[in-house]
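Now for the letters of each chain:
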Amino acid sequence: MSKKIITPVASLAHILPEDYRALVEKGPHGKSVGIKDLGSFKEITEEHPHCAGCGVSLGVRLALAALPAPEDTLVVGTPGCSFFALSQTAVNYSNTAFGNQNSVASGLKRMLSIRYPDKDKDVVVMAGDGGIADIGLDMTLHSWFRGEKISTIMLDNEVYGNTGGQESGMSPEGQVLHMAPKGKNFKKIPVFEMARTAGCVYGAKVTIASPKRLGMAVNRAILLARELGPTYVQIYTPCPTNMKFSPADTLRIAKEAGKAHYAFEEFMTEEAALRIAAMEGGLEKEPE
Ligand code: SF4
């Protein structure tokens, strides 16, 4: 895994689409760019097959733009809306049987550590609430209990989006959905709190309406996972199709959630706080 995997041999370079050549020449691989630089580099993902106004597609775009080393990153996903964008990005991607993503990521991380002992290879789970909090919850938790050095990023749209609107464990209590016409009967699963208890060294809860914070959280999570242990970022990515709001209102909905049940939160161990202070030169600056 390196920039070499996207660099064509000279004799074939001229037949590749312009978009591809732009990625090789102006992509983020091997450069120090992030969310603050959006617009100045060719992004890992630009087009997507999601519904208009999809919060997941924006969450994927922002999280990928915040990868500290995309050329040395392996993203692991699972079926769900996020898969549609992730499977066509210019980053190493592995899909898994539904819910297995944290187990597969654990094995891949260990394998990469053996194969490349002198190089950081970031393994990042990027999947929806169904994969992380429902179908794969046991595997999510056990990867945290084992202290696997992987980052888990949940794109939380609070619903099973692409299968018609079933409630997920992350849907809020009372939420009415196509397949939950009377409203959900129990509370949102507290995965963020469980991450802390289960051994994550760092966690953050953020919405797509705060891109700088989102970028900071993803960056911290990945860099800390390299050295200290599992990390978790939970991103609110609202779904206009199932939640029945206009695609033009996605950011407004996310912003409102950021003042209510999705207010920004972080936790970190003392060791993680020291590492962040060393990496960033102090903790006092926190982007909006
Ligand atoms: S169903 Fe919802 S989450 Fe899935 S692609 Fe459409 S808007 Fe996005």
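Bear in mind the structure is a predicted one, so any value in this text is a computation, not a measurement.

**A word on the sheet that holds strand β3 (residues 122-128)**
Strand order across the open sheet formed by seven strands is β2-β1-β3-β4-β6-β5-β7, with mixed pairing between neighbours. Bordering the open sheet on either side are β2 (92-95) and β7 (265-268), each of which pairs with just one other strand. Strand after strand, the sheet turns through a mean of 15° between neighbouring axes, direction not considered. Where strand β5 (residues 202-207) lies against strand β6 (residues 231-236), six bridges are found, and the strand directions are parallel. Counted as the bridge partner of Val 206 is Ile 235 from β6. Running at roughly 170° to β3, helix α4 (residues 101-115) makes contact with β1 (73-77), β2, β3 and β4 (151-156) of the sheet.

**Here's the deal with helix α7 (residues 191-198)**
Among the residues of α7, Val 191, Phe 192, Ala 195 and Ala 198 are the ones counted as buried. With its buried residues spanning 130° around the axis, α7 presents them on a single face. Elements that come into contact with the buried residues of α7 comprise α5 (129-135), α6 (137-145), β4, β5, β6 and β7. Positive backbone phi, at 115°, marks Gly 199, one or two positions downstream of α7.

**Quick look at the packing of α6 against α7**
Relative orientation of the contacting elements α6 and α7 amounts to 35°, with a least axis distance of 8 Å. Of the two elements, α6 crosses α7, and the hand of that crossing is right-handed. Between α6, through Leu 137, Leu 141, Trp 144 and Phe 145, and α7, the contact on the second element is made entirely by Val 191, Met 194, Ala 195 and Ala 198. Classifying every residue of the contact of α6 with α7 by side-chain character gives eight nonpolar, no polar and no charged.

**Details of the packing of aromatic side chains**
If you walk through the whole model with that rule in mind, you get five aromatic pairs. Residues Phe 83 and Tyr 93 carry aromatic rings whose centres are separated by 6.5 Å and whose planes lie at 40° to one another, so their mutual orientation is tilted. Remark: Tyr 93 occurs in strand β2 and Phe 83 occurs in helix α3 (residues 81-86); sequence separation between them is 10 residues. Both rings, one in Tyr 236 and one in Tyr 262, keep their centres 4.9 Å apart while their planes meet at 25°; by these two values the pair is stacked. With Tyr 236 in strand β6 and Tyr 262 in the loop between α10 (250-258) and β7, the pair connects residues that are 26 residues apart, well separated along the chain. For the pair formed by Tyr 236 and Tyr 262, the shared burial category is buried. By the ring-pair criterion, three or more aromatic residues cluster together here, those being Phe 83, Phe 84 and Tyr 93. Residue placement shows Arg 115 over the ring face of Tyr 116; its charged tip is 4.6 Å from the ring centre. Over the ring of Tyr 116 we find Lys 121, and its NZ or CZ is 4.5 Å from the ring centre.

**Topic: the pairing of β6**
Counting buried residues in β6 gives six out of six residues, a clear majority hidden from the surface. Bridging between β4 and β6 involves six bridges; their strand directions are parallel. Residue pairing for β6: Leu 155 is matched across the bridge by Ile 235. In this view, the connection linking β5 to its parallel neighbour β6 by way of helix α8 (residues 211-227) has right-handed handedness.

**Notes on the nonpolar core**
It is characteristic of soluble globular proteins that their nonpolar side chains tend to be buried jointly. Formed by 48 residues in total, the largest nonpolar core has its most connected members in Leu 64, Met 126, Tyr 202, Leu 214, Val 218, Val 233 and Ile 235. Per-element accounting of this core gives the leading share, seven residues, to α8. Excluding residues within four positions of it along the chain, Leu 214 makes contact with Ile 35, Leu 62, Ala 63, Val 206, Thr 207, Ile 208 and Ile 235. Leu 112, Val 125, Val 191 and Ala 198 belong to the second largest nonpolar core, which has 24 residues in total.

Conventions adopted
Residues numbered from 1 in each chain as written. Predicted model: local features only at pLDDT ≥ 70, side-chain atom pairs only at ≥ 80, totals over all residues. Heavy atoms only, no water. Pairing = 2+ DSSP bridges. Helix = DSSP H or I, 4+ residues; strand = E, 2+ residues; numbered from the N terminus. Axes fitted to C-alpha atoms, helices over the stretch in contact; angles between N-to-C directions. Contact = heavy atoms within 4.5 Å. Buried < 20%, exposed > 50% of the residue type's maximum accessible area, 1.4 Å probe, protein only. Arc of directions from axis to C-beta. Left-handed = near helix turned anticlockwise from the far one by under 90°. Nonpolar A, V, L, I, M, F, W, Y, C, P; charged D, E, K, R; others polar. Phe/Tyr/Trp six-rings, centres within 6.5 Å; stacked < 30°, edge-to-face > 60°. Lys NZ or Arg CZ within 6 Å of the ring centre and 35° of its normal. Right-handed = clockwise from strand over helix to strand, strands pointing away. Core = buried A, V, L, I, M, F, W, Y, C linked by side-chain atoms within 4.5 Å.

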